[in-house]
Amino acid sequence: MLKTRYFITYTLLMTLVVVASNFLVQFPVSGTLFGIALGDLLTWGAFTYPVAFLVTDLTNRQFGPSMARRVVLAGFVVGVALSFVTSMPRIAIASGSAYLLGQLLDIAVFNRLRRQSWWRAPLVGSLIGSALDTVIFFSFAFAAMFVVFGPNDPFALEAAPILGVFAAEAPRWVSWAIGDFSVKIIVGLMMLLPYGALMSVLKPMPAAKSA
């Protein structure tokens, strides 16, 4: 009963994060930073999406990788359904693939490091998972070589100064990916605070300890 109650809670939290991120990704961040127009690089969804890694890591800590994968799969179903309704098929494929593979990698890394320092498993797992998530999403969504998933976006493929300030140029989607991952790093570090605060409350169950 306790495990079922927590599974429902974690699944609802994951669903909320996915839904919020899919909604907020429509709104660019306004303003500039060091001469960089933030609206050209970031949406508000970049700030909410990393919370998914916190939900996954808390589930993994308390109940082990098997239940964490079930929560991730529930979020995957919701995320893909929403993406196909609200965006182009190529974006939906990119979003679903990035979410699923990034979260599963986070679970694997967390599980390998769970017996080390309390902060190492959630931090390393989320950062490595975020890196894979970013590479897969922006490559599948915008890179010319993945045209099999849908038409290319000419604007995303146009060469432009990296981050809008450097002399070197690259397709615009590369700068978008760099900006997105930079935020994920910052939020990933911030997520250590609630993770650490909840450690004494959400103690590992026997099955998780032996995973």
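Please refer to the structure higher up on the page.
Now for a description of the structure that goes with this document. (Residues numbered from 1 in each chain as written. Predicted model: local features only at pLDDT ≥ 70, side-chain atom pairs only at ≥ 80, totals over all residues. Heavy atoms only, no water.)

Section: the packing of helix H6 (residues 120-142) against helix H8 (residues 172-190)
Phase 1: Between H6 and H8, whose axes approach to 10 Å, the crossing angle comes to 160°. One way to sum up the angle between H6 and H8 is to call them roughly antiparallel. Like other packed secondary-structure pairs, H6 and H8 cross with a definite hand, here right-handed. Here H6 contributes Leu123, Leu127, Ser130, Ala131, Asp133, Thr134, Phe138, Ser139 and Phe142 to the contact with H8, which in turn contributes Trp173, Trp176, Ala177, Asp180, Phe181, Lys184, Ile185, Gly188 and Leu189.
Phase 2: Looking at side-chain class alone, the contact of H6 with H8 contains 11 nonpolar, 4 polar and 3 charged residues. (Axes fitted to C-alpha atoms, helices over the stretch in contact; angles between N-to-C directions. Helix = DSSP H or I, 4+ residues; strand = E, 2+ residues; numbered from the N terminus. Parallel < 35°, antiparallel > 145°, perpendicular 65-115°, else oblique. Left-handed = near helix turned anticlockwise from the far one by under 90°. Contact = heavy atoms within 4.5 Å. Nonpolar A, V, L, I, M, F, W, Y, C, P; charged D, E, K, R; others polar.)

A few points about the nonpolar core
Phase 1: Within the largest apolar cluster, 49 residues are counted, with the highest numbers of intra-cluster contacts made by Tyr10, Met14, Phe142, Trp173 and Trp176.
Phase 2: Of all the secondary structure elements, the ones that give two or more residues to this core are helix H1 (2-24), helix H3 (51-63), helix H4 (65-86), helix H5 (89-113), H6 and H8.
Phase 3: Top contributing element to this core by residue count: H5, with 9 residues.
Phase 4: Once residues within four sequence positions are removed from consideration, Trp173 is found in contact with Phe138, Ser139, Phe142, Ala143, Ala156 and Leu157. (Core = buried A, V, L, I, M, F, W, Y, C linked by side-chain atoms within 4.5 Å. Buried < 20%, exposed > 50% of the residue type's maximum accessible area, 1.4 Å probe, protein only.)

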